Amino acid sequence: MSDFKKKVIYQIYPKSFNDSNGDGVGDLPGITQKLPYLSQLGIEMIWLSPIYASPQKDNGYDISDYCQVDPIFGTMDDFEELVTEAKKLGIEIMLDMVLNHTSTEHIWFKKALAGDKKYQDYYLLRPAQADGRLPTNWVSKFGGPAWARFGQTDLYYLHLFDVTQADLNWRNPEVRKELYQVVNFWREKGVHGFRFDVINLIGKDEVLLDDPTGGDGKPMYTDRPLVHEYLKELNEATFGKDASSVTVGEMSATSIENCVLYTQPQRKELSMVFNFHHLKVDYLNGEKWSDSPFNFSQLKELFHSWGETMSEQNGWNALFWNNHDQPRAVSRFGEDQQYRIQSAQMLAATIHLSRGTPYIYQGEEIGMTNPNFETIEEYQDVETLNMYQELIKNGLGPEQVMKRIRAKSRDNSRTPMQWNAEKNAGFTTGTPWMKLAPNYLEVNAKMEQGHTGVYAFYQELIALRKKYAVISDGSYEKYEPDHPSIYAYLRRLGTKRLLVLNNFYAEQTEITIPTEFVQGSVLIHNYAKKKLEAVMTLRPYETLAIYLD
Ligand code: GLC
């Protein structure tokens with residue numbers, strides 16, 4: 001059994017992490033150079049967003065060859081060197097497997113287009129409906145219909161994402177075999193960690209039907225029963241052979257019931273899952289591109305229901321605030337000016353002390369913020385650019401649209417890592433592929449490492465998880481769920497208990513703690529020490545964890 005409960009995983013978005021050759025794009029040797037920094041932080045696994053050959057329409061999530069390194073990131077030798085050097089520091093690599101779709105530049109798709117029947121059955125090709133409508137009414141997650149014309153034929157191919165990302169036909173056993181070979185190819189290179197991109201979308205029905213509600217089609221292809229079968233098969237054919245494997249499934253619009261099933265150890269599917277419900281609490285009526293503050297009571301309700309259900313039913317969550325698809329949490333759920341440090345620390349504590357495996361997204365450990373770019377030209381992401389057009393078409397004014405993009409764009413987390421206060425924050429000596437957030441003079445790794453700020457707090461949290469079994473293995477229970485500004489929970493393992501209190505607001509507030517905790521000891525705190533009392537006053541964005549042995 002792998003000890004993924006004690007580990008903290010660090011996500012790198014290779015394009016934006018560290019550029020070693022001055023071409024403006026981050027690369028593998030750049031990551032190898034920064035291993036000591038990561039080792040010092042205390043993380044034990046690095047998840048790399050895709051590094052494979054790709055036309056980069058969706059920054060590598062559109063793969064044209066699963067077994068080649070894209071030259072913008074370096075060579076296979078560079079990859080092997082990274083694996084070797086990381087191992088020396090006790091760090092393993094987790095690769096991102098995008099198995100739901102390939103780029104339309106993949107040789108399989110090209111052969112299919114050229115008329116090869118074998119490869120046509122690798123994709124989901126369908127004719128129009130009798131009345132001429134598209135095969136189904138499903139909407140692409142990046143806007144517009146999910147079907148595009150297949151070459152000069154009368155058929156359409158399914159693309160749940162960009163038009164250059166064609167969905168694979170998992171019902172075809174040959175497709176599954178090919179994909180398992182891909183996973184094994186990387187296992188042979190010493191990789192034991194895998195993140196499976198939108199993996200709960202692979203179990204599509206044989207007959208694809210319109211969404212009867214007239215909605216976007218999600219329920220028609222998400223979490224279908226076949227997903228569980230395919231995951232078991234994938235597990236058995238690949239990573240299940242390694243006792244030390246760590247796997248995480250990215251689950252789009254999923255349910256707790258399914259996530260319990262995906263992760264219960266005896267079912268042999270995955271180690272853990274990412275779900276996104278807690279990152280939709282600022283979507284007004286489920287609409288991402290709305291303009292709305294986050295709903296704190298909904299956020300707590302989600303953390304509590306997922307925390308408790310996964311705990312009671314022995315499922316396992318991946319815990320995270322940030323990734324390459326999300327705005328920076330400190331700008332979104334914290335306060336990124338006056339209380340940037342305190343709120344970044346508080347957000348870190350909420351997940352690192354909870355039940356599940358915490359993930360840190362590059363720059364989170366130094367409190368990086370959204371960049372707030374002025375104009376649409378400064379954004380690059382395919383989803384953002386599509387949405388800009390769509391929202392303008394829907395009648396919103398350009399400034400209203402920009403306000404939403406500043407808050408919601410995936411590019412918020414894709415700006416280059418801020419290493420120091422030098423030119424381009426030390427990310428590149430060339431011209432960065434994407435503009436930097438302007439605050440790098442004040443927010444950067446060098447500065448953070450010099451004092452007791454966000455980075456040091458993350459170091460402490462990571463060390464605590466390794467040391468205290470109540471953090472890695474304890475159960476999860478909600479505490480004072482109706483408090484208007486505090487998110488609190490209890491962890492329990494045998495006689496050991498941990499109470500975690502987090503003030504999500506800039507105003508001081510009070511909370512009554514269970515009397516026995518007044519005798520406890522403070523494990524971690526983002527303000528100067530204070531006495532434990534039956535009624536605790538919490539300052540702006542204060543977090544503290546009280547331990548009872
Ligand atoms: C996942 C990735 C995202 C990508 C999409 C399509 O959601 O995290 O970046 O665009 O899948 O592969």
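Above this text is the structure in question.
Below is a summary of the structure that appears in this document. Remember, it's a predicted structure, so these values are computed and weren't measured experimentally.

**Details of the environment of Val 191**
Relative to the assigned elements, Val 191 resides in the loop between α6 (173-187) and β11 (193-196). Judged by relative accessible area, which is 0%, Val 191 ranks as buried. Counting along the chain gives 193 residues from Val 191 to Thr 384, while the straight-line C-alpha distance between them is 33 Å.

**Examining the nonpolar core**
As a rule of thumb, nonpolar side chains are buried together in soluble globular proteins. The biggest cluster of nonpolar side chains holds 146 residues, and the ones touching the most others in it are Leu 48, Phe 79 and Leu 95. In terms of residues, this core owes the most to one element, helix α16 (residues 454-467), which gives seven residues. With residues up to four places along the chain from it excluded, the contact list for Phe 79 reads Leu 28, Leu 48, Ile 51, Val 69, Ile 93, Leu 95, Trp 186, Lys 189 and Val 191.

**Some thoughts on the sheet that holds strand β17 (residues 486-493)**
What the five strands build is an open sheet, ordered β16-β17-β18-β22-β20; its pairing is antiparallel. Each edge of the sheet is formed by a strand with only one pairing partner; in this case those strands are β16 (475-479) and β20 (521-525). Taking each pair of neighbouring strands and ignoring which way they run, the sheet shows an average axis angle of 20°. Direction of pairing for strand β18 (residues 496-503) relative to strand β22 (residues 543-548): antiparallel, over a ladder of six bridges. When the bridges of β22 are listed, Leu 498 appears paired with Tyr 547. Strand contacts of helix α10 (residues 296-312): β16 and β17, with the helix running at about 150° to β16, the strand carrying the most contacts. Taken strand by strand, α16 contacts β20 and β22, and its axis lies near 135° from that of β20.

Each value, and the rule that gives it
- Residues numbered from 1 in each chain as written.
- Predicted model: local features only at pLDDT ≥ 70, side-chain atom pairs only at ≥ 80, totals over all residues.
- Heavy atoms only, no water.
- Helix = DSSP H or I, 4+ residues; strand = E, 2+ residues; numbered from the N terminus.
- Buried < 20%, exposed > 50% of the residue type's maximum accessible area, 1.4 Å probe, protein only.
- Core = buried A, V, L, I, M, F, W, Y, C linked by side-chain atoms within 4.5 Å.
- Contact = heavy atoms within 4.5 Å.
- Pairing = 2+ DSSP bridges.
- Axes fitted to C-alpha atoms, helices over the stretch in contact; angles between N-to-C directions.

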